[in-house]
Amino acid sequence: MKAIAFGFPKIGEKREFKKLLEDFWKGKISEEELHRGFRNLALWRTQLYKTNVDMIPCNELSYYDFMLDTALMVGAIPERFGTYKGMETYFQMARGKNALEMTKWFNTNYHYLVPEIEKEEFYLFINKPLNEYSFFKEGDIETVPHIIGPFTFLRLSKVLKKKEGILPLYEIGKIENRETFERLSDKLSDVYLQVLKALKKAGCHRVHLEEPALVLDTENWQWDIVEAIYKKLSSEGISIGLFTYYDSVSDYERYISLPVQAFHLDLVSNKENLKNIREKGFPSDKGLIAGVINGRQPWKANLKEKLKLVEELMNIAGSVILSNSCPLYHLPVTVEPEDELPEGLKERLSFAKEKLKELRVLRDALRGCEEALGEIKKSGKLYEDSFGENPEVRKRITALRDEDFRREIPYKERQKIQKDTLNLPLFPTTTIGSFPQTEEVRKKRTAFRNKKISQKEYKEFIREQIKKVINFQESIGLDVLVHGEFERTDMVEFFAFKMEGIATTKHGWVLSYGSRVYRPPIIYGDVSRTEPMTLEEITYAQSLTNKPVKGMLTGPVTILNWSYYREDVPKKEIAYQIALALLDEVKDLEKAGIKIIQIDEPAFREGVPLKKRDWQEYFNWAVKAFRLCSRAKSETQIHTHMCYSEFNEIIEYIYQMDFDVISIEASRSKGEIIEAFERFKGWDRQIGIGVYDIHSPAIPTKEEMKLILERAMKILPKELLWVNPDCGLKTRKWEEVEPALKNMVQMTQELREEILSEV
Ligand code: GLN
Ligand code: ZN
């Protein structure tokens, strides 16, 4: 019996990864020091793998993103980046002015860079798998390179089509584009073949190719392509293990018939893979890499049950290898330092390091080790009691009726009332909520959290910040103001601090993209609000100005999707619990005279199940959860915000959320996203167009932003359009935000004048 693990978080126990990267960007350390730091991190994680499991992955530690690395491996570098000049170009592609588009990785909160395929050719450019393999080999450590597989790479890339411009391959993955797909995959797999050849030459005899795209709805002809790819790759004679995760593989039979040596299956995310193994069997001459330890949720596994499961699998498949269900980077590194968790929680938790140990214990138990068996016996107790229940909350949920999910009058009528109360100009300008979280702000918050300064001092400080930001927004002429969110570490964590039934960690950092980290809260019990959560700051901000200040809340679906959640209560119910807590807040804000309330739902999209057949169920409750918390008075204008670019397929559900205004990302995709709203017949809601990319430090010019707005005007009535950055500004610096917003407001004012003079 063997165990393997993969995708261990690269952040490091003390966020070393983040520090290295940011120090390098700031010019505090040299490139040499950056590489050295990375090598140390690589060696550290290797050691962890080594002490717990039987195979050590390499090629997992990327300087920014593994999809970007794969693009570089196969030479997919768009022309605008010029000749490749090492790290400089690398980070240009990742975060420069015309960086690659960034989007969410499957249904997770990790963001990857979308490769762009401009020319229909690939060539082996940077053989990172080989470099890493050789690095470890020199230190006498045998590793198994993990590489994103060619099918997944293509399916998630964008391709330049002469007439239509740059298109996502999942869109041209339609049957009429079959030929392009085939041609590309043929050329791409040639490059992969070269990679395998070079690895083999260096002494490597096993690689793991990750093909999570095979869990998406995959047509038969696409499976034909997959078959062709692996037929070619298997010709090299290097042993290949295929990995799929986040859901069940879309066609079990075709998957296990591919000509490779081992298949990883996620046995946690749903029951279908297991059902298929039971009903359809598993080839006796292939390895089953059984993803039994959950890589996405932080709960200790019920090892007693897992033991039984693996024993069953061993009777079906010839050889079983234990593994995690999906990469471990969705989890923090370790629970060890957490000493302020609610009573009884810590013993129920398992983060990445602990998951490695679970794999080891399970493996040892299966090998008959007494100590491991004893440990497993002990752990069973945790699953016997009900933890974190709150009868009051459950009662409120049972009492919900249809009208709790409906606003009093339809949007069209609400719009008229709101127009009169708010009296906003054409193209109202606003921001998404947060303003730069400066060093000073972060320091004060930490000091307060560590009880180094008093609550009074902290609150005074926050008030000063709010005052400054209100003055600034007034001075540049924004129409709808925000309070800046200085009191919030993170849009979800902030509410988690305030809500019952949700725990937060001190060191539980997870990367969401680049060097950006967040600490996902842990929903461990029934959720409720004990007192107002945002009222003080918002009403203070509103008291300083005559312009409307937006109340700023994080929506129930986002709080749920960006947190870990318990698995014994349906997600729908957890979402309604959070929604009710938020509704109480909405009512309080209204009472205090707040006229616009924004309920952010940036994670609405990523919660969407990977397979279409599961969509309806998800949207049923997700839409209802949003409607439940946004059941405001008719004159209260409800905004929502979503910052991603794939609306085409979900736009109907978005519409059902029944908000008054939505702000969206549009800048990285140069406004192409707005076409989704054109295709939707009868779109009548107001839209805030994200005219500049806040993920990049570059300062957008008036011209660039105007282009995006003009593109939107061609598609939607101008009366529906708002103007805003594409997300919150908290990661930016004031030096960047000031000129950027000034340009944005000026551009809008000029455009208004142009339009007025035309009529
Ligand atoms: N209101 C939040 C902010 O501005 C929204 C962030 C987000 O969408 N991720 O920071
Ligand atoms: Zn956003």
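So, how was this worked out
Residues numbered from 1 in each chain as written. Chains lettered and ligands numbered in written order. Predicted model: local features only at pLDDT ≥ 70, side-chain atom pairs only at ≥ 80, totals over all residues. Heavy atoms only, no water. Helix = DSSP H or I, 4+ residues; strand = E, 2+ residues; numbered from the N terminus. Rg over C-alpha atoms; globule rule 2.2 N^0.38 Å. Buried < 20%, exposed > 50% of the residue type's maximum accessible area, 1.4 Å probe, protein only. Contact = heavy atoms within 4.5 Å. Areas by Shrake-Rupley, 256 points an atom, 1.4 Å probe, with all protein chains shown as cover. Lys, Arg positive; Asp, Glu negative; His and termini not counted. Charge placed at Lys NZ, Arg CZ, Asp CG, Glu CD. Donors = N, O, S within 2.8 Å, 3.2 Å for Na, K, Ca; no water. Tetrahedral: all angles 85-135°; square planar, octahedral: opposite > 155°, others 65-115°. Near = heavy atom within 4 Å. Polar contact = N/O pair within 3.5 Å; in protein donor to acceptor, adjacent residues only side chain to side chain. Nonpolar A, V, L, I, M, F, W, Y, C, P; charged D, E, K, R; others polar. Pairing = 2+ DSSP bridges. Axes fitted to C-alpha atoms, helices over the stretch in contact; angles between N-to-C directions. Expected span 1.5 Å × (residues − 1). Phe/Tyr/Trp six-rings, centres within 6.5 Å; stacked < 30°, edge-to-face > 60°. Salt bridge = Lys/Arg side-chain N within 4 Å of Asp/Glu carboxyl O. Parallel < 35°, antiparallel > 145°, perpendicular 65-115°, else oblique. Left-handed = near helix turned anticlockwise from the far one by under 90°.

Asks: Explain the overall build of the protein chain to me, please; I cannot follow it from the model alone.
Replies: Within the protein chain one finds 27 helices and 24 strands. Here the C-alpha atoms of the protein chain give a radius of gyration of 26 Å, agreeing with the 27 Å that 2.2 N^0.38 yields for 759 residues. Across its three principal axes, the protein chain shows a C-alpha extent of roughly 75 × 60 × 50 Å. In the protein chain, which comprises 759 residues, the share counted as buried stands at 63%. Within the protein chain, residue pairs in contact and separated by at least 24 positions form 78% of the contacts whose partners lie at least 6 positions apart. A total of about 30500 Å² of accessible surface is found on the protein chain, and carbon and sulfur atoms cover 48% of it. Here the protein chain contributes 116 positive and 120 negative side-chain charges, whose respective centroids are spaced 1 Å apart.

Asks: Can you walk me through the coordination of the zinc ion (ligand 2) in this structure?
Replies: Perfect tetrahedral coordination of a metal by four donors corresponds to 109.5 degrees between them, and perfect octahedral coordination by six donors corresponds to 90 or 180 degrees. Taken together, the protein ligands of the zinc ion (ligand 2) are His641 (NE2), Cys643 (SG) and Cys727 (SG), with distances of 2.0 to 2.3 Å. Coordination at the zinc ion (ligand 2) is tetrahedral: its four donor atoms span angles of 91 to 126° at the metal. Mapping the donors of the zinc ion (ligand 2) onto the primary sequence yields the spacing H-x1-C-x83-C. Of the two residues, His641 sits in strand β21 (residues 637-642) while Cys727 sits in the loop between β24 (721-724) and α27 (734-758), which places them 86 residues apart along the sequence. Since its relative accessible area comes to 2%, His641 is described here as buried. Classification of Cys727 as buried rests on a relative accessible area of 19%.

Asks: Just checking my understanding: could you explain the site of ligand 1 for this structure?
Replies: Around ligand 1 sit Ile432, Gly433, Ser434, Glu485, Met491, Met552, Asp600, Pro602, His641, Cys643, Cys727 and Gly728, and that is every residue in its neighbourhood. Measuring from a nitrogen atom of ligand 1, one finds a side-chain N or O atom of Asp600 at 2.6 Å. His641 has a polar side-chain atom sitting 3.0 Å from an oxygen atom of ligand 1. Starting from 300 Å² of accessible surface for ligand 1 in isolation, the protein chains cover 92%. Here the shell around ligand 1 is composed, by residue class, of six nonpolar, four polar and two charged.

Asks: Honestly, the sheet that holds strand β11 (residues 262-266) in this entry has me stumped. Any pointers?
Replies: Two orientations exist for strands paired in a sheet by backbone hydrogen bonds: parallel and antiparallel. Taken together, eight strands build an open sheet; the order of strands is β1-β13-β12-β11-β10-β9-β6-β2 and the sheet is parallel. Strands with a single pairing partner mark the edges of an open sheet, and in this sheet they are β1 (2-3) and β2 (57-58). Looking at chain direction, β2 and strand β6 (residues 144-148) are connected through two bridges and run parallel. Pairing of Cys58 across the sheet is with Pro145, part of β6. The strands that helix α13 (residues 352-366) touches are β1, β12 (287-293) and β13 (319-324); relative to β13, the one it contacts most, it runs at about 155°.

Asks: Mind showing me how you'd approach α13 here?
Replies: One turn of the α-helix equals 3.6 residues, which is why residues spaced by three or four share an orientation. In a regular helix each residue adds 1.5 Å, so 15 residues correspond to 21 Å; α13 covers 21 Å between its end C-alpha atoms and thus fits that length. By the criterion of burial, α13 is predominantly enclosed, with 13 of the 15 residues buried.

Asks: Help me out: how do you make sense of the packing of aromatic side chains in this one?
Replies: Two numbers describe a pair of aromatic rings. These are the distance of the centres and the angle of the planes. One pass over the full model with this rule turns up 45 aromatic pairs. Relative to Tyr329, the ring of Tyr110 has its centre 5.6 Å away and its plane inclined at 55°; by these criteria the two rings are tilted. With Tyr110 in the loop between β3 (102-104) and β4 (111-113) and Tyr329 in the loop between β13 and α13, this residue pair connects regions lying 219 residues apart in the sequence. You can call Tyr110 buried: its relative accessible area is 5%. Judged by relative accessible area, which is 16%, Tyr329 ranks as buried.

Asks: Help me understand the pattern of salt bridges, please; the structure alone is not making it clear to me.
Replies: Working definition: two side chains of opposite charge can pair if their charged atoms are close together. Tallying each qualifying case throughout the model produces 59 salt bridges. Between Lys232 and Asp190 there is a salt bridge, with the nearest N and O atoms lying 2.8 Å from each other. Placement of the pair is Lys232 in helix α9 (residues 220-234) and Asp190 in helix α8 (residues 178-201), with a sequence separation of 42 residues. Among the residues examined, Asp190 registers a relative accessible area of 38% and is labelled partly exposed.

Asks: Explain the sheet that holds strand β23 (residues 686-690) here, please?
Replies: With respect to topology, six strands assemble into an open sheet ordered β18-β20-β21-β22-β23-β24, the strand pairing being parallel. Only two strands of the sheet have a single partner each, and these edge strands are β18 (550-554) and β24. Ignoring which end each strand starts from, the neighbouring axes of this sheet average 25° apart. Examined bridge by bridge, strand β20 (residues 596-600) and β21 share five bridges and lie parallel to one another. Across the sheet, residue Ile596 finds its bridge partner in β21, namely Gln637. Across the sheet, helix α22 (residues 571-591) touches β18 and β20, and the angle it forms with β18 is around 175°.

Asks: Looking at this structure, I do not really get the packing of α22 against helix α23 (residues 615-629). What am I missing?
Replies: Relative placement of two packed helices is described by the angle separating their axes and the distance separating the axes. At a closest axis distance of 7 Å, the pairing of α22 and α23 adopts a crossing angle of 15°. In terms of axis orientation, α22 runs roughly parallel to α23. Two packed elements cross with a definite hand, and for α22 against α23 that hand is right-handed. In this structure, α22 uses Lys571, Lys572, Ala575, Tyr576, Ala579, Leu580, Leu582, Leu583 and Val586 to contact α23, whose residues at the interface are Trp621, Lys624, Ala625, Leu628 and Cys629. Grouping the constituent residues of the contact of α22 with α23 by class yields eleven nonpolar, no polar and three charged.

Asks: Just checking my understanding: could you explain helix α12 (residues 303-316) for this structure?
Replies: Helix length check: α12 (14 residues) gives 20 Å between terminal C-alpha atoms against 20 Å at 1.5 Å per residue, within 8%. In this structure, the buried side of α12 is in contact with α11 (272-280), β12, β13, α13 and α14 (370-379).

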